[in-house]
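What the coordinates show
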Protein chains: 2
Amino acid sequence: MADVHRVCRRYHAAIELIGARWSGAILRVLFTGRHRYAQIKAAVPGLSDTMLAERLRSLEADGLIERRVIPSSPVQVEYHLTDKGRDLEPVLDAVISWAHKWIELPDDAHAPAG
Amino acid sequence: MADVHRVCRRYHAAIELIGARWSGAILRVLFTGRHRYAQIKAAVPGLSDTMLAERLRSLEADGLIERRVIPSSPVQVEYHLTDKGRDLEPVLDAVISWAHKWIELPDDAHAPAG
């Protein structure tokens, strides 16, 4: 029986930060560029307004994304990744490769580009 | 404003499978070898019996881990990664690298080896 190491708390905090429900999907959207609230919501099927607002707040509090207020009329708010957020690219790329190899979609689904 | 792609459902399913609360930590433990229930629990501070049992069942149902019954007396049950589970290594490695760069631990914590 192999010896047991206590799980690294940094790793544990990170995987649950990224893996929190909807957070991974929102981060994925922001890897395609700056987006406004409505655009992010449109890109993630099933995501409610309440959950999106909550996740954007926590991702911002965790320093992974930033919001920019555009002083147009009406005012608009845009979200983008920080350096800390962009540094997750190798993680998302590894998840995409694994997902395309191992995750099967229900027959009715057409899988949009990764 | 960049165009918005719908998030790939395979990616979305995968990141939430791996990132589900406690699952990432349990997977991390099993990357150090086969382990029994009590060893996994000892390696993940704060993990309750109920949650560990539930997560082991769902990780098994998702094909990431397998259980082996050892016909000793008393009977023992051992868990190990499947090929599908082991293929997550690049994901966990990428998370560990990111975590060591960006995640700060509260001062009182001593971070065990990743």
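Here's a quick rundown of the structure. These numbers come from a predicted model, not from an experiment.

Turning our eyes to something else, we now look at the pattern of salt bridges. The final tally for this structure, using the stated rule, is 14 salt bridges over all chains. Ionic pairing is found between Arg-21 of chain A and Glu-16 of chain B, a salt bridge with its closest N-O pair at 2.8 Å. Placement of the pair is Arg-21 of chain A in the loop between α1 (9-19) and α2 (23-30) and Glu-16 of chain B in helix α1 (residues 9-19), with the two residues belonging to separate chains. We note a salt bridge from Arg-67 of chain B to Glu-60 of chain B, for which the minimum N-O separation is 3.9 Å. Classification of Arg-67 of chain B as partly exposed rests on a relative accessible area of 40%. Three or more residues joined by partner-sharing salt bridges are found here, namely Arg-34, Arg-68 and Glu-78 of chain A.

Relative to the assigned elements, Ala-53 of chain A resides in helix α4 (residues 49-61). Along the backbone, Ala-53 of chain A and Leu-105 of chain A are 52 residues apart, and their C-alpha atoms lie at a distance of 28 Å.

Our next topic: unusual backbone geometry. Residue and element names in this part refer to chain A. Residue Pro-74 is reached from Ser-73 by a cis peptide bond, and omega for that bond is 0°. When you line up the elements, Pro-74 lands in the loop between β2 (65-70) and β3 (76-81). The backbone of Trp-22 shows a phi angle near 80°, a positive value even though the residue is not glycine. Here Trp-22 is to be found in the loop between α1 and α2. Its relative accessible area of 10% is what places Trp-22 among the buried residues.

Facing 61 residues of chain A, the contacting portion of chain B comprises 61 residues. Taking both partners together, chain A and chain B bury about 5600 Å²; carbon and sulfur atoms supply 71% of that area. Applying the counting rule to chain A against chain B returns four salt bridges. Linking chain A with chain B are 16 residue pairs in polar contact (both at pLDDT 80 or more), by the criterion used here. Contributing elements (two or more residues each) for the side of chain A that touches chain B: α1, α2, β1 (35-36), α3 (37-43), α5 (83-86) and α6 (89-102) of chain A.

All names here are of chain B. Strands sit in the order β1-β3-β2 across an open sheet of three strands; the sheet is antiparallel. Because the sheet does not close on itself, it has two edges, and the strands there are β1 (35-36) and β2 (65-70). Bridge count between β1 and strand β3 (residues 76-81): two bridges; the pairing is antiparallel. Among the inter-strand pairings, His-35 is bridged to a residue of β3, identified as Tyr-79. Taken strand by strand, helix α2 (residues 23-30) contacts β1, β2 and β3, and its axis lies near 95° from that of β3.

Rules used in this analysis
Residues numbered from 1 in each chain as written. Chains lettered and ligands numbered in written order. Predicted model: local features only at pLDDT ≥ 70, side-chain atom pairs only at ≥ 80, totals over all residues. Heavy atoms only, no water. Salt bridge = Lys/Arg side-chain N within 4 Å of Asp/Glu carboxyl O. Helix = DSSP H or I, 4+ residues; strand = E, 2+ residues; numbered from the N terminus. Buried < 20%, exposed > 50% of the residue type's maximum accessible area, 1.4 Å probe, protein only. Contact = heavy atoms within 4.5 Å. Buried area = accessible area lost by both parts, 1.4 Å probe. Polar contact = N/O pair within 3.5 Å; in protein donor to acceptor, adjacent residues only side chain to side chain. Pairing = 2+ DSSP bridges. Axes fitted to C-alpha atoms, helices over the stretch in contact; angles between N-to-C directions.

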